[in-house]
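Architecture at a glance
Chain residues, written in single-letter form:
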Amino acid sequence: MGTRLAISPQPIALSDWQAESRRQALEDAAAEGAAANPLLAIRGVSLEYRSPERVVRATHRIDIDVHQGDRFVLLGPSGCGKSTLIKSVAGFIQPTEGSITLDGVKVQGPGPDRIVVFQEFDQLLPWKTVRQNVAFPLLASRTLGRKEAEERARYYLDKVGLSPFADVHPHQLSGGMKQRVAIARALAMQPRILLMDEPFAALDALTRRKMQEELLVLWEDVGFTLLFVTHSIEEALVVGSRIALLSPHPGRVRAEINSHAWDIDSLGGVSFQAAAQRIHHLLFDQAH
Ligand SMILES: Nc1ncnc2c1ncn2[C@@H]1O[C@H](COP(=O)(O)OP(=O)(O)OP(=O)(O)O)[C@@H](O)[C@H]1O
């Protein structure tokens, strides 16, 4: 991944050499992690919605390993069960078969080690300021006392370039800024894995591109493990270091792709286009 430019009210870019050495350290950590046990192991996971009238099978026997430092993308067409799978990793839905473990411990419910950022702009509490929104889960979960929570909130707001907006309320922010607050709030909890369910899908194209770029800068700077859902092939290639391609309903893993080679700088290039086309075939060709 090349050095990235920050595009935000307050720059969050690292100097070139800092970014480069940070990237190298993260990739080394990911490589070490890959050799050891996975951070997140999804084994033979089927997920269903049951009502008295019918059973909807959302995913069928999914196997995925996510290692520390991965930017792992779940990519697939609408209705293939991506959101259901991420909800299951978050602990909101239990598998009907298979298991999900984090650090070797079975996921049996929601926990502060897995924080989700959703697509919707209304994830923030409208009556609290930006800083209070970021500090709130730290206080509610008694992770930190008031002073430390405020400090940590300030730190992560700075990371997403929103320090000047710490004292405003969510309705005074743009959609992109609200998503930055949601990201800061999630990172402030320092989860073992950050879960993002189409976080940029409701943004206009330019803001979406900026947010992808900023997310990668943050990943290099803060160093977290990411599980990211999208139905955009382009976004998957830009954001992901590894991509699982899910087949249409019910979702099964059709292929897994190493996507380290592509980033925002390679957008539109020949190799990027070829990768996008290949993914398109893998997703939609009946032959596969
Ligand atoms: N609460 C629910 N009750 C019953 N069926 C549901 C429920 N939520 C989702 N489903 C079904 O489960 C399947 C998977 O849905 P899911 O939202 O996980 O897919 P997705 O890949 O995230 O789609 P999209 O990209 O459109 O958000 C779909 O057939 C959907 O209709």
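Small disclaimer: the values here were computed from a predicted structure and weren't measured.

Calculation criteria
- Residues numbered from 1 in each chain as written.
- Predicted model: local features only at pLDDT ≥ 70, side-chain atom pairs only at ≥ 80, totals over all residues.
- Helix = DSSP H or I, 4+ residues; strand = E, 2+ residues; numbered from the N terminus.
- Buried ≥ 20, exposed ≤ 12 C-beta atoms within 10 Å, placed from the backbone.
- Contact = placed C-beta atoms within 7 Å.
- Pairing = 2+ DSSP bridges.
- UniProt positions renumbered as here; feature names shortened; annotations may be inferred.
- Axes fitted to C-alpha atoms, helices over the stretch in contact; angles between N-to-C directions.
- Parallel < 35°, antiparallel > 145°, perpendicular 65-115°, else oblique.
- Left-handed = near helix turned anticlockwise from the far one by under 90°.
- Nonpolar A, V, L, I, M, F, W, Y, C, P; charged D, E, K, R; others polar.
- Core = buried A, V, L, I, M, F, W, Y, C linked by C-beta atoms within 7 Å.
- Near = placed C-beta within 6 Å.

1. Overview of the overall build of the protein chain
The helix and strand tally for the protein chain stands at 8 helices and 10 strands. Out of the 288 residues in the protein chain, the part that is buried amounts to 42%. Pairs at least 24 residues apart make up 71% of the contacts formed inside the protein chain by residues separated by at least 6 positions.

2. Focus on the pairing of strand β1 (residues 40-50)
With 8 bridges joining them, β1 and strand β2 (residues 55-66) adopt antiparallel strand pairing. The partner of Leu40 across the bridge, within β2, is Val66. Between the end of β1 and the start of β2, which pair antiparallel, lie 4 residues. Note: β1 against strand β4 (residues 97-102), 5 bridges, orientation antiparallel. For Ile42, the partnering residue across the bridge sits in β4 and is Ile100.

3. Details of unusual backbone geometry
The omega torsion of the bond from His249 to Pro250 falls at -10°, within 30 degrees of zero and hence cis. As for its placement among the helices and strands, Pro250 is situated in the loop between β9 (242-246) and β10 (253-258). A positive phi angle, near 45°, is found at Arg61, a position not held by glycine. Note on Arg61: 15 C-beta atoms within 10 Å, which makes it partly exposed. Positioned with a positive phi, Glu198 is a non-glycine residue whose angle comes to about 45°.

4. A closer look at the UniProt feature "domain: ABC transporter" (unreviewed entry) in the protein chain
In this numbering, the UniProt entry assigns the feature "domain: ABC transporter" (unreviewed entry) to residues 42-273. Structurally, residues 42-273 comprises 33% helix and 25% strand, and the distance from its first C-alpha atom to its last is 30 Å.

5. Re the packing of helix α4 (residues 146-159) against helix α5 (residues 175-188)
As a packed pair, α4 and α5 sit with axes 9 Å apart at the nearest point and diverge in direction by 135°. The angle between the axes of α4 and α5 places the two elements in the oblique class. Taken as a pair, α4 and α5 cross one another with a handedness that is right-handed. Residues Arg152, Ala153, Tyr156, Leu157 and Lys159 of α4 form the contact with α5, whose own contacting residues are Ala184, Leu187 and Ala188. Split by residue class, the contact of α4 with α5 holds 6 nonpolar, no polar and 2 charged.

6. So, the nonpolar core
The biggest cluster of nonpolar side chains holds 75 residues, and the ones touching the most others in it are Ala184, Leu195 and Leu227. Setting aside anything within four residues of it in sequence, one finds Leu227 in contact with Leu40, Val66, Phe72, Ile86, Val89, Ile193 and Leu195.

7. Brief notes about the packing of α5 against helix α6 (residues 205-222)
Packed helices, taken two at a time, are described by their axes: the angle between them and the distance between them. It is at 11 Å that the axes of α5 and α6 come closest, and there the two elements cross at 20°. In terms of orientation, α5 and α6 fall into the roughly parallel class. The hand of the α5/α6 crossing is right-handed. Contacts between α5 and α6 involve Gly175, Gly176, Gln179 and Leu187 on the former and, on the latter, Thr207, Lys210, Met211 and Val222.

8. Brief notes about helix α3 (residues 130-140)
Every buried residue belonging to α3 is among Val130, Arg131, Asn133, Val134, Ala135 and Leu138, and all of these are buried. For α3, the secondary structure elements touched by its buried residues are α4 and α5. Positive backbone phi, at 55°, marks Arg142, one or two positions downstream of α3.

9. Describing the pairing of β9
Counting buried residues along β9, 5 of its 5 residues qualify, which places the element largely inside the surrounding structure. Judged by which residues are buried, β9 turns out to be covered on both faces: Arg242, Ala244 and Leu246 on one side and Ile243 and Leu245 on the other are all buried. Of the pairings in the sheet, the one linking strand β3 (residues 71-75) to β9 comprises 4 bridges and is parallel in character. Bridge pairing links Val73 to Ile243 in β9. Between β9 and β10, which pair antiparallel and follow one another directly, the connecting turn spans 6 residues.

10. Let's talk about the site of the ligand
Taken together, 13 residues sit near the ligand, with Tyr49, Ser78, Lys82, Ser83 and Thr84 positioned nearest. Broken down by secondary-structure element, the contributors of at least two residues to the shell around the ligand are β2 and α2 (82-90). Here the shell around the ligand is built from residues that sort into 4 nonpolar, 8 polar and 1 charged.

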